Amino acid sequence: MNKASTGSHFVTILLGTWLVLGIFIDGYAHNHGVVETFFSPWHAILYSGFLACAAWISALIASTKKRTGSSWKEAVPAGYGLGLLGIVIFLAGGVFDMIWHIIFGIEVSIEALLSPSHLALMTGGILILSSPFRAGWMLEEGDRAAWRSFLPYLLSLALSIGVVCFFLMYAWTFHYNLASANVADWYAANAGFMQEDTQVRGITFLLLNTVALMYPVFLLMKRWQVPFGAFTFLFTFINVLMGVLDGFEQIHGIIVAFVAGAAADLLLLPFRGAADRRRASRFVAIVVPAVLWSGYYGWLAMNGGIGWVPELWAGSIAQACLVSFVLSVLAMSPDRVRP
């Protein structure tokens, strides 16, 4: 099986970042009502980033075939097979997107996130972006990770999760702040019949965000002894990307995510080895969401107050910890006992 070099992974990440920036800039344009046509500067960034990724992966496969004399199938580097499929899906999604816009016009608000053509672009993009991560997962070089070799895998996963969160922006807790006193007071005064629905939305957003942020943590822990600082980077990076969508108006999301990521890194310092990582994941599963959401509610308390009763905000923290704990049990399950 052919393996791409660390340098090749970094090129994939660099071009993938180009693609992702196009996605988030396009999202910012949609959110601020400046998109009027398919042929926009935002789409130009997005699709040129895709073409760069497609050209690079194709060149990587072609050069491997020429160097080794292998078949086209054998020339595909480990982890990049689904990335090649992602190129096909993204290309088809792009053509579909242009036709969709011509027929139905330009979507606004949540419609843009649920458009079939955009979901095809999401699928293709994630398959492309996650190629270095899959390559790292398939290596047989053990689980110890040095920063230089591990960084492209971490960036690959962070970009992929970032795209997932992009398509869940309508449920991003740090954007809507539904538990804030200002929002709660507005609903109580103007739409009291929706107050409970708003609370349900807020708790649902919080739990969904917990899964989106904690899943990659357990995925990395399952495969590697993650170097110190990786989770601080992961949490901060994803929240910086999401901050692009509203022009970094909700800077508190980045700050509390940084603190929660740092908590995960500090918790893992005493643990080494596969068995220790499994045990550590249980602590991480409970402590990190507690730090994240306690920090979030603390920020609300210092900036206008919390509009929910303690049973709601404290209970949502506890529930997030329980959801995360169950996720860790599923992701980091005990070894099977052999007869």
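Residues numbered from 1 in each chain as written. Predicted model: local features only at pLDDT ≥ 70, side-chain atom pairs only at ≥ 80, totals over all residues. Heavy atoms only, no water.

**Q** So what exactly am I meant to see when it comes to the packing of aromatic side chains here?
**A** Summed over all chains, the structure comprises 21 aromatic pairs. Relative to F237, the ring of F233 lies with its centre 5.4 Å away and its plane at 25 degrees, an arrangement referred to as stacked. Separated by four residues within a single helix, F233 and F237 lie in helix α12 (residues 230–244), roughly one turn from each other. Judged by its relative accessible area of 29%, F233 falls in the partly exposed class. Taking the centre distance of 5.9 Å and the plane angle of 50 degrees together, the rings of Y297 and W313 count as tilted. Remark: W313 occurs in helix α15 (residues 310–331) and Y297 occurs in helix α14 (residues 274–302); sequence separation between them is 16 residues. The rings of W172, F174, W293, Y296, Y297, W308 and W313 are connected pair by pair, giving a single aromatic cluster. Above the face of the W72 ring, K65 is positioned so that its terminal group lies 5.2 Å from the ring centre. (Phe/Tyr/Trp six-rings, centres within 6.5 Å; stacked < 30°, edge-to-face > 60°. Helix = DSSP H or I, 4+ residues; strand = E, 2+ residues; numbered from the N terminus. Buried < 20%, exposed > 50% of the residue type's maximum accessible area, 1.4 Å probe, protein only. Lys NZ or Arg CZ within 6 Å of the ring centre and 35° of its normal.)

**Q** I would appreciate a short explanation of the state of the cysteines in the present structure.
**A** Here, disulfide denotes a covalent bond that connects the sulfur atoms of two cysteines. With the rule as written, the count across this model stands at zero disulfides. Of all cysteine sulfurs, the one in C165 lies closest to C53, which takes part in no disulfide; the gap is 19 Å. The closest cysteine sulfur to the non-disulfide-bonded C321 is located on C165, 18 Å from its own sulfur. (Disulfide = S-S within 2.5 Å.)

**Q** Sorry if this is basic, but what is going on with the environment of L121 here?
**A** Summarising the element assignment, L121 is placed in helix α6 (residues 116–129). Judged by its relative accessible area of 10%, L121 is buried. Sequence separation between L121 and D265 is 144 residues, and the spatial gap between their C-alpha atoms is 33 Å. Not counting the four nearest positions on each side in its chain, L121 is found in contact with Y47, F90, G93, G94 and D97. (Contact = heavy atoms within 4.5 Å.)

**Q** Before we go on, may I ask you to explain the packing of helix α8 (residues 147–166) against helix α11 (residues 195–223) in this structure?
**A** Two quantities define a packed helix pair, namely the angle between the helix axes and the distance between the axes. α11 packs onto α8 with a crossing angle of 155 degrees between their chain directions and a minimal axis gap of 10 Å. Between α8 and α11, the crossing angle belongs to the class labelled roughly antiparallel. Every pair of crossing elements has a handedness; the one defined by α8 and α11 is right-handed. Of the residues in α11, those touching α8 at F150, L154, L157, I161 and C165 are A212, P216, L219 and L220. Split by residue class, the contact of α8 with α11 holds nine nonpolar, no polar and no charged. (Axes fitted to C-alpha atoms, helices over the stretch in contact; angles between N-to-C directions. Parallel < 35°, antiparallel > 145°, perpendicular 65-115°, else oblique. Left-handed = near helix turned anticlockwise from the far one by under 90°. Nonpolar A, V, L, I, M, F, W, Y, C, P; charged D, E, K, R; others polar.)

**Q** Quick question: what am I supposed to make of the environment of S48 here?
**A** Assignment of secondary structure puts S48 in helix α2 (residues 41–68). Counting along the chain gives 41 residues from S48 to I89, while the straight-line C-alpha distance between them is 16 Å. Within the structure, S48 has its side chain in polar contact with the side chain of W18 (distance 3.2 Å). (Polar contact = N/O pair within 3.5 Å; in protein donor to acceptor, adjacent residues only side chain to side chain.)

**Q** Can you walk me through the nonpolar core in this structure?
**A** One broad trend across soluble globular proteins is that nonpolar side chains are buried collectively. Counting residues in hydrophobic clusters, the biggest one holds 89 residues, and the most contacted among them are F150, V217, L220, F231, L234 and F235. Non-local contacts of F231, meaning those with residues more than four positions away in its chain, are made with V217, L220, M221, V226, G261, A264, D265 and L268. Residues A171, L178, Y187 and F205 belong to the second largest nonpolar core, which totals six residues. (Core = buried A, V, L, I, M, F, W, Y, C linked by side-chain atoms within 4.5 Å.)

**Q** Looking at this model, I keep getting lost on α2. Mind explaining?
**A** An α-helical turn contains 3.6 residues, so any two residues separated by three or four positions project in the same direction. Look at α2: 40 Å from first C-alpha to last across 28 residues, which is about the 40 Å you get at 1.5 Å a residue. Immediately downstream of α2, the backbone of G69 shows phi near 70 degrees, a positive value. (Expected span 1.5 Å × (residues − 1).)

**Q** Hey, could you run me through the packing of α8 against α12 in this one?
**A** Running from N to C, α8 and α12 point in directions that differ by 35 degrees, and their axes come no closer than 9 Å. As α8 packs across α12, the resulting crossing turns out to be right-handed. Taking contact as the criterion, the partners of W147, F150, L154, L155, A158, L159, I161, G162, C165 and F166 in α8 are, on α12, A230, F233, L234, F237, I238, L241 and M242.

**Q** Quick question: what am I supposed to make of the side chain of D246 here?
**A** Of note, D246 is situated in the loop between α12 and α13 (252–268). The charged side chain of D246 is buried without a salt bridge, its nearest counter-charge being R201 at 13 Å. Side chain to side chain, D246 and H175 meet in a polar contact 3.3 Å long. (Lys, Arg positive; Asp, Glu negative; His and termini not counted. Salt bridge = Lys/Arg side-chain N within 4 Å of Asp/Glu carboxyl O.)

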